[in-house]
Amino acid sequence: MQNRYSHILFDLDGTLVDTHDADVISLYEVVKEYFPDTLETVESLGRVFGLPSNEALKSVGFSEDKIPEAYAKWCKAIEKRSSSVKLFDGVLAVLDILKNRGVKLGIITSRKRSDYGKYGILGDYIPLELSPYFIKAVCSDDVEHPKPYPDSLLKYMQDTGAKPHEILFIGDTKTDLECADKAGVDFALALWGYTQKEHLNCTHYFASPWSVLTATVKSDDSKMLWFKWAREIQAIGQIGLAYSKDRFDIERFTRLREIALEIMHTYTDAPLQQIKDAFCFDKGYITPKIDTRGAAFDDRGRILLVKETSGLWSMPGGWCEEDGTIFSNVVKELREEACVKAVPYKLVALLDRRRYNSPPLPYGIIKAFVLCRHEALAFVKNNETSERKYFGKDELPLDKLRVDTTSYEQLMMCFAAYENKDWQPIVD
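Residues numbered from 1 in each chain as written. Predicted model: local features only at pLDDT ≥ 70, side-chain atom pairs only at ≥ 80, totals over all residues. Heavy atoms only, no water.

### Observations concerning the side chain of Glu333
Reasoning step 1: Assignment of secondary structure puts Glu333 in helix H10 (residues 326-338).
Reasoning step 2: For Glu333, a relative accessible area of 5% puts it in the buried group. (Helix = DSSP H or I, 4+ residues; strand = E, 2+ residues; numbered from the N terminus. Buried < 20%, exposed > 50% of the residue type's maximum accessible area, 1.4 Å probe, protein only.)

Structural data, given as structure tokens:
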């Protein structure tokens, strides 16, 4: 797959690292010391999160001559809360996937290089866990005018040779957005770190770090317009048939569905009957289908995959039965495809297939991934699968994955969910 962006840049605080409480509560303590009668609250001070430290202190009332002293006290208070500073869930796994895809990663921060030196930040201002992933970090004292000015992004481009259209900048504040807009690069709002109520007009909105992966794959939309049109015509025809009573309207909507089938048949190698079966999967109002996948791990932390008759490997799963639930369907599919007794215990994600899997299909699919405890029974070959096997992260059959049902990114997501007892489900 081709990358849509060759450079993805991240703000640090509130985007990669959860520092909000340490920063804002510490600032509140300093403000109360200098201004005992202040009306500021911890919540109201959240508005300065993401600003350069001098600008933040100035905005809450500190004069130029008092800023150095207040800043020193603020840093000392933050240091006392250093144990509360942590990476957001999923960050490392997502960075690893992006790096493996060949995406160049960078950091654009309002912090000075020395801000976090006392608790685990390298001299180039990258947290120890993040160091292997980033080619460059631009800090506020590297440029004359830090965020919200575009200087930091412009410096990154100057130093790396990156072009504006090759860059996606991900941040959690209005100042990040303003920096991106002025530099002419696309911006994505990290909703997991955004604490304000104001609506920001962004290119992308990401609910979790895992959502970043949906924006990185480039599709040639100009060559796939026929597919989009065919799906839309099919949907109009199907919905029309669901509600029409007039026989002439029924004829018109039936013809729309036939046209959609003809478009698909013309531009694909699939037999007409196969396309018709796919398009006519629904009767009535057209809605997405649900595909369930069971993520079962052995005591060595390896994930269970099944080898289908095509010779490709996939997570056990399939269409959700009309009279079943997501969990009951996972149990059924694991029993039928992998010969295991499964007990689903946690939803990993509900994902829109169009964002993660290829090739495109003429109908929508919501993919449900579920963690399962299980007991392996004797495996019996069947008409769907010929083998089952457990794979570690470094053992996955990448060249033999059935990517239309199970992508590498989805497998990594399931590994991350299995390893994190506090995992929160991802919902597109």
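### What about the nonpolar core?
For soluble globular proteins, nonpolar side chains are generally found buried alongside one another.
Reasoning step 1: Within the largest apolar cluster, 55 residues are counted, with the highest numbers of intra-cluster contacts made by Ile8, Ile170, Trp210, Ile303 and Met413.
Reasoning step 2: Considering every element that reaches this core, the biggest residue donor is helix H12 (residues 408-419), with eight residues.
Reasoning step 3: Ignoring sequence-local partners within four residues, the contact set of Ile303 consists of Ala295, Ala296, Phe297, Met315, Lys389, Tyr390, Phe391, Leu396, Leu411, Cys414 and Phe415.
Reasoning step 4: Among the nonpolar cores identified, the runner-up in size contains 20 residues, and Ile167, Ala180, Val185 and Leu200 belong to it. (Core = buried A, V, L, I, M, F, W, Y, C linked by side-chain atoms within 4.5 Å. Contact = heavy atoms within 4.5 Å.)

### So, the sheet that holds strand E11 (residues 313-314)
Reasoning step 1: The sheet built from three strands is open, its strands ordered E11-E10-E15 with antiparallel pairing. Edge strands, defined here as strands with exactly one partner in the open sheet, are E11 and strand E15 (385-391).
Reasoning step 2: Where strand E10 (residues 303-308) meets E15, six bridges bridge the pair, whose relative direction is antiparallel. Looking at the pairing, Ile303 lines up with Phe391 of E15. (Pairing = 2+ DSSP bridges.)

### Digging into the pairing of strand E7 (residues 186-190)
Reasoning step 1: Within E7, four of the five residues are buried, leaving the element largely enclosed by the surrounding structure.
Reasoning step 2: Since strand E6 (residues 167-171) and E7 lie parallel, the crossover through helix H6 (residues 174-183) that links them has a hand, and here it is right-handed.
Reasoning step 3: Inspection of the sheet shows E7 paired to strand E8 (residues 204-206) by three bridges, in the parallel sense. Across the sheet, Ala190 pairs through a bridge with Phe206, a residue of E8. (Right-handed = clockwise from strand over helix to strand, strands pointing away.)

### Description of the pattern of salt bridges
Reasoning step 1: A full pass over the atoms with the stated rule returns 24 salt bridges.
Reasoning step 2: For Glu33, the salt bridge goes to Lys73, with nearest N and O atoms at 2.5 Å. You can see Glu33 sitting in helix H1 (residues 20-34) and its partner Lys73 sitting in helix H3 (residues 67-80), a full 40 residues away along the chain.
Reasoning step 3: For Lys73, a relative accessible area of 32% puts it in the partly exposed group.
Reasoning step 4: The partner of Glu308 in a salt bridge is Arg402, and the shortest N-O contact between them spans 2.8 Å. Of this pair, Glu308 sits in strand E10 while Arg402 sits in the loop between E15 and H12, and the two are 94 residues apart along the sequence.
Reasoning step 5: Glu308 gets classed as buried once you look at its relative accessible area, which sits at 12%.
Reasoning step 6: Here the residues in one salt-bridge network are Glu321, Lys332, Glu333 and Glu336, joined through shared partners. (Salt bridge = Lys/Arg side-chain N within 4 Å of Asp/Glu carboxyl O.)

### Considerations on the packing of aromatic side chains
Reasoning step 1: Taken as a whole and assessed by the stated rule, the structure comprises eight aromatic pairs.
Reasoning step 2: Both rings, one in Tyr34 and one in Phe62, keep their centres 5.1 Å apart while their planes meet at 75 degrees; by these two values the pair is edge-to-face. Placement of the pair is Tyr34 in helix H1 and Phe62 in the loop between helix H2 (53-59) and H3, with a sequence separation of 28 residues.
Reasoning step 3: With a relative accessible area of 4%, Phe62 lands in the buried category.
Reasoning step 4: Grouped by ring-pair contacts, the aromatic residues Tyr34, Phe35 and Phe62 constitute a single cluster.
Reasoning step 5: Positioned over the ring face of Tyr149 is Lys182, at 5.4 Å from the centre of the ring.
Reasoning step 6: One cation-aromatic arrangement involves Arg373 over Tyr345; the distance from NZ or CZ to the ring centre is 4.0 Å. (Phe/Tyr/Trp six-rings, centres within 6.5 Å; stacked < 30°, edge-to-face > 60°. Lys NZ or Arg CZ within 6 Å of the ring centre and 35° of its normal.)

### Notes on the confidence of the model for the chain
Reasoning step 1: Here the chain shows a mean pLDDT of 85. Residues at 70 or above account for 90%.
Reasoning step 2: Segment residues 117-125: pLDDT under 50, and 24 contacts once partners within four positions in sequence are set aside and those in other chains are kept. (pLDDT = per-residue confidence, 0-100.)

### Re the environment of Asp186
Reasoning step 1: For Asp186, the position within the fold is in strand E7.
Reasoning step 2: Residue contacts for Asp186: discarding those within four places in its chain leaves Tyr5, Ile167, Leu168, Phe169 and Thr203.
Reasoning step 3: For Asp186, the side chain forms a polar contact with the side chain of Tyr5, separated by 2.6 Å. (Polar contact = N/O pair within 3.5 Å; in protein donor to acceptor, adjacent residues only side chain to side chain.)

### Describing the sheet that holds strand E1 (residues 7-10)
Reasoning step 1: Taken together, the six strands give an open sheet; going across it, the order is E5-E4-E1-E6-E7-E8, and neighbouring strands pair in parallel fashion. Lying at the two open borders of the sheet, with one neighbouring strand each, are strand E5 (136-138) and E8. In this sheet, adjacent strand axes meet at a mean angle of 25 degrees when their direction is disregarded. (Axes fitted to C-alpha atoms, helices over the stretch in contact; angles between N-to-C directions.)

### Some words on the pairing of strand E14 (residues 365-376)
Reasoning step 1: Where strand E9 (residues 289-296) meets E14, eight bridges bridge the pair, whose relative direction is parallel. Looking across to E14, one finds that Lys289 is bridged to Ile365.
Reasoning step 2: Alignment of strand E13 (residues 340-352) against E14, held across 11 bridges, turns out to be antiparallel. Note that in E14 the partner of Asp352 across the bridge is Ile366.

### So, unusual backbone geometry
Reasoning step 1: The peptide bond linking Lys147 to Pro148 adopts the cis configuration, its omega dihedral lying at 15 degrees.
Reasoning step 2: Inspection of the secondary structure puts Pro148 in the loop between E5 and helix H5 (151-160).
Reasoning step 3: Even without being glycine, Cys339 reaches a positive phi, approximately 60 degrees.
Reasoning step 4: Within the secondary structure layout, Cys339 lies in the loop between H10 and E13.
Reasoning step 5: On the accessibility criterion, Cys339 (11% relative accessible area) is buried.

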